[in-house]
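# Chain and residue survey
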Amino acid sequence: IIVVAVAGIILVVLGLVFLSIMQKSNRQGSAELIDLAAYQTELARIVDIGIKSSPDSSIQAIAQTGSLTILSDFIRTKKMIASKNVKLSESDLTKYLTKSIDTDLETAKTANNFDAVFTVLIDEKLSDYKLKLASVFASQNDEKIKDALRSFNVHAELLPFSYSP
C-alpha cells in the first residue's frame with residue numbers, strides 16, 4: 001500500500017511539473033504581445049484623431065482604412081494574448097499613450113496645417129510599428145502567432161499614410 005501511495009504521489013508531482021512547464025511555454029512571448037497591443041491601441045487612437053480632425057476628405061478616408069486595419073489586427077492580437085491564458089488590463093493598453101501628440105495635432109489644427117503634421121506623425125508611428133512587429137515576431141515560437149504577425153506586417157506595408165495633399 002505504501003509503494004502504491006508513493007507511486008501515486010510521484011505521478012501527481014510529475015503531472016504538476018509537466019503542467020507548469022506547459023503553462024510557462026504557452027505564456028512565452030506574452031509580454032511582447034501585450035506591448036504590441038498597447039502600441040496598436042495608441043496607433044488606432046492617433047488615426048482616429050485624423051479621421052475626426054482632418055479637413056481633407058482624402059486624408060479622412062485613408063485614416064479610416066488605417067483605423068480598420070489596425071483595429072482588426074488589434075483584435076487578433078488580443079485573441080493571441082488570450083490563447084496564452086494571460087489577462088489584458090486597461091493599464092496594459094495605455095503604455096504608449098502620448099498626450100503631447102493630442103496637443104501637437106490640436107496646435108496644427110488651429111494653425112491650419114493639420115494634414116501636414118498628421119501625415120508626418122502617423123508615418124513616423126507606422127515606421128515604429130513595423131519595427132515593433134519585427135521585434136515581437138522574433139520573440140515568438142508559436143507558428144500560428146508568427147503567421148498572424150506576418151500578416152500584420154503585410155497590412156502595415158499597405159497602409160497608405162504617406163499621402164500628401
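Coordinates for the structure precede this section.
Notes on the structure in this doc start here.

Conventions used here
- Residues numbered from 1 in each chain as written.
- Predicted model: local features only at pLDDT ≥ 70, side-chain atom pairs only at ≥ 80, totals over all residues.
- Heavy atoms only, no water.
- Axes fitted to C-alpha atoms, helices over the stretch in contact; angles between N-to-C directions.
- Helix = DSSP H or I, 4+ residues; strand = E, 2+ residues; numbered from the N terminus.
- Parallel < 35°, antiparallel > 145°, perpendicular 65-115°, else oblique.
- Left-handed = near helix turned anticlockwise from the far one by under 90°.
- Contact = heavy atoms within 4.5 Å.
- Nonpolar A, V, L, I, M, F, W, Y, C, P; charged D, E, K, R; others polar.
- Core = buried A, V, L, I, M, F, W, Y, C linked by side-chain atoms within 4.5 Å.
- Buried < 20%, exposed > 50% of the residue type's maximum accessible area, 1.4 Å probe, protein only.
- Patch = residues over 30% accessible without salt bridge, like charges linked within 9 Å, V, L, I, M, F, W, Y side chains within 5 Å.
- Areas by Shrake-Rupley, 256 points an atom, 1.4 Å probe, with all protein chains shown as cover.
- Salt bridge = Lys/Arg side-chain N within 4 Å of Asp/Glu carboxyl O.
- Phe/Tyr/Trp six-rings, centres within 6.5 Å; stacked < 30°, edge-to-face > 60°.
- Lys NZ or Arg CZ within 6 Å of the ring centre and 35° of its normal.

Let us look at the packing of helix α2 (residues 30-53) against helix α3 (residues 57-83). Angle between the axes and distance between the axes are the two parameters that describe a pair of packed helices. Where α2 contacts α3, the axes come no closer than 9 Å and their chain directions differ by 160°. The orientation of α2 with respect to α3, classified from their angle, is roughly antiparallel. By crossing handedness, the relation of α2 to α3 is classed as left-handed. Between α2 and α3, the residues in contact are L33, I34, L36, A37, Q40, T41, L43, A44, V47, G50 and I51 and Q60, A63, Q64, G66, S67, I70, L71, D73, F74, T77, M80 and I81, respectively. Grouping the constituent residues of the contact of α2 with α3 by class yields 14 nonpolar, eight polar and one charged.

This brings us to the nonpolar core. In this structure, L36, L105, F118, Y129, L133, L149 and F152 are the most contacted members of the largest nonpolar core, which totals 35 residues. Of all the secondary-structure elements, those providing two or more residues to this core are α2, α3, α5 (99-110), α6 (114-139) and α7 (143-158). For this core, the element with the most residues is α2, which contributes 11 residues. Apart from the residues within four sequence positions on either side, F118 is in contact with I46, V47, G50, I59, A63 and L105.

There is a patch of nonpolar side chains on the surface, built from I2, V6, I10, L11 and L14 and spanning about 520 Å² of accessible area. Here L14 is to be found in helix α1 (residues 2-27).

Moving on: unusual backbone geometry. Glycine aside, the phi torsion of most residues is negative, and most peptide linkages are trans. Of note in the backbone geometry, N85 takes a positive phi value of approximately 60° without being a glycine. With relative accessibility at 53%, the residue N85 sits in the exposed group. Phi at N112 takes a positive value of approximately 60°, unusual for a residue other than glycine. Mapped onto the fold, N112 is located in the loop between α5 and α6.

To continue, consider the packing of α6 against α7. Relative orientation of the contacting elements α6 and α7 amounts to 165°, with a least axis distance of 10 Å. Classified by the angle between their axes, α6 and α7 sit roughly antiparallel to one another. You can see that α6 and α7 cross each other, and the crossing is left-handed. Packed against α6, whose contacting residues are L126, Y129, K130, L133, V136 and F137, the element α7 presents K146, L149, R150, F152, N153, A156 and E157 at the interface. Broken down by class, the residue content of the contact of α6 with α7 amounts to eight nonpolar, one polar and four charged.

Counted by the stated rule, this structure contains three aromatic pairs. Relative to Y129, the ring of Y39 has its centre 6.3 Å away and its plane inclined at 5°; by these criteria the two rings are stacked. Here the residue Y39 occupies a position in helix α2, and Y129 occupies one in helix α6, the gap between them amounting to 90 residues. Taken as a pair, Y39 and Y129 share a single burial class, namely buried. Arranged with centres 5.6 Å apart and planes meeting at 10°, the rings of F114 and F118 form a pair that is stacked. A residue pair is termed a helical-turn pair when its members lie 3 or 4 positions apart in one helix, as F114 and F118 do in helix α6 at four residues. We note that F114, like F118, is buried. Among the aromatic side chains, those forming a connected cluster through ring pairs are Y39, Y96 and Y129. Positioned over the ring face of F137 is K146, at 4.7 Å from the centre of the ring.

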